Amino acid sequence: MGETIFSKIIRKEIPADIVYESETVLAFRDIKPQAPVHILIIPKITDIETAKDINPAEHGQLLADMFDAANKIAKDLGISESGYRLVINSGPDAGQEVCHLHMHLLGGRKLNWPPG
Ligand code: AMP
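Computed from a predicted model, the values in this text were never measured in an experiment.

Engineer: Just to check I follow, could you spell out the overall build of the protein chain for this structure?
Structural biologist: Summing up its helical and strand segments, the protein chain has two helices and five strands in all. In sequence order, the secondary structure elements of the protein chain are arranged as α-β-β-β-α-β-β. The C-alpha radius of gyration computed for the protein chain amounts to 14 Å, which stays within 12% of the reference 13 Å derived for 116 residues, consistent with globular compactness. Each principal axis of the C-alpha atoms in the protein chain carries an extent, and together these give about 40 × 30 × 30 Å. The buried share of the protein chain, reckoned over its 116 residues, is 37%. Taking as baseline every contact in the protein chain between residues at least 6 positions apart, the subset at least 24 positions apart corresponds to 56%. Carbon together with sulfur atoms contributes 53% to the accessible area of the protein chain, which is approximately 7000 Å² in total. Averaging the coordinates of the 12 positive side-chain charges in the protein chain and doing the same for the 16 negative ones gives two points 7 Å apart.

Here it is in structure tokens:
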């Protein structure tokens with residue numbers, strides 16, 4: 001379960017523009033950026049396909065690690081003060097393409113609301 005293009009990026013079998021890595025989390029630039037800063041933050045474990053698979057008892061620390069990564073990356077890339085959006089698409093109506101939990105970090109321009 002859980003083999004996706006992101007598994008290959010975690011194993012460094014295909015290239016990615018990695019901006020952050022810890023024991024539990026990997027973050028890299030989205031291949032089709034929707035904003036000047038568009039980073040994907042993913043857990044290194046591959047068994048959480050969507051947000052609905054999150055189990056607070058099991059994944060609480062991992063989620064904290066993902067938010068910690070997001071905040072550190074935003075600071076490193078200079079958008080901590082200007083602002084940024086964190087998005088998790090979950091399931092077909094949200095347009096989730098890759099079945100490996102991932103958080104989009106978007107910033108570097110004024111973002112519209114509501115999203116399409
Ligand atoms: P989602 O629609 O939320 O599932 O987002 C999946 C994201 O993964 C999209 O924004 C894609 O552009 C991005 N993506 C797919 N393949 C790659 C890749 N090899 N490297 C970086 N980003 C990718």
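After presenting the structure, the write-up continues.
Engineer: What's the story with the site of the ligand in this structure? I'm lost.
Structural biologist: In the vicinity of the ligand there are 16 residues, among which Asp30, Asn89, Glu97, His102 and His104 approach most closely. Asn89 places a side-chain nitrogen or oxygen 2.9 Å from an oxygen atom of the ligand. One of the side-chain nitrogen or oxygen atoms of His102 is found 2.8 Å away from an oxygen atom of the ligand. Coverage of the ligand by the protein amounts to 87% of the 510 Å² it exposes when considered alone. The cavity where the ligand resides is the largest pocket. For the shell around the ligand, the secondary structure elements donating two or more residues are helix H1 (5-10) and strand E2 (25-29). Examining the composition of the shell around the ligand, we find that three residues originate from one element, H1, more than from any other. Along the lines of polarity and charge, the residues of the shell around the ligand split into seven nonpolar, five polar and four charged.

Engineer: Quick question: what am I supposed to make of the packing of aromatic side chains here?
Structural biologist: Two descriptors summarise a pair of aromatic rings, namely the distance from one centre to the other and the angle between the planes of the rings. Taken as a whole, this structure holds one aromatic pair when the rule is applied. Judged by centre distance (5.5 Å) and plane angle (75°), the ring pair of Phe6 and Phe28 falls under edge-to-face. With Phe6 in helix H1 and Phe28 in strand E2, this pair connects stretches of sequence that are 22 residues apart.

Engineer: Looking at this model, I keep getting lost on the pairing of E2. Mind explaining?
Structural biologist: Walk down a regular strand and you will see the side chains alternate between the two sheet faces. The element E2 is extensively covered by neighbouring structure, given that four of its five residues are classed as buried. Here three bridges tie strand E1 (residues 18-21) to E2, and the two strands are oriented antiparallel to one another. Bridge assignment links Ile18 to a residue of E2, and that residue is Phe28. Counting the residues between successive antiparallel strands, the hairpin from E1 to E2 contains three residues.

Parameters and conventions
- Residues numbered from 1 in each chain as written.
- Predicted model: local features only at pLDDT ≥ 70, side-chain atom pairs only at ≥ 80, totals over all residues.
- Heavy atoms only, no water.
- Helix = DSSP H or I, 4+ residues; strand = E, 2+ residues; numbered from the N terminus.
- Rg over C-alpha atoms; globule rule 2.2 N^0.38 Å.
- Buried < 20%, exposed > 50% of the residue type's maximum accessible area, 1.4 Å probe, protein only.
- Contact = heavy atoms within 4.5 Å.
- Areas by Shrake-Rupley, 256 points an atom, 1.4 Å probe, with all protein chains shown as cover.
- Lys, Arg positive; Asp, Glu negative; His and termini not counted.
- Charge placed at Lys NZ, Arg CZ, Asp CG, Glu CD.
- Near = heavy atom within 4 Å.
- Polar contact = N/O pair within 3.5 Å; in protein donor to acceptor, adjacent residues only side chain to side chain.
- 1 Å grid on protein atoms, 1.4 Å probe; cavity = no way out; pocket = protein on both sides within 12 Å on 5 of 7 lines; lining within 4 Å.
- Sits in = over half its atoms within 2 Å of the grid points.
- Nonpolar A, V, L, I, M, F, W, Y, C, P; charged D, E, K, R; others polar.
- Phe/Tyr/Trp six-rings, centres within 6.5 Å; stacked < 30°, edge-to-face > 60°.
- Pairing = 2+ DSSP bridges.

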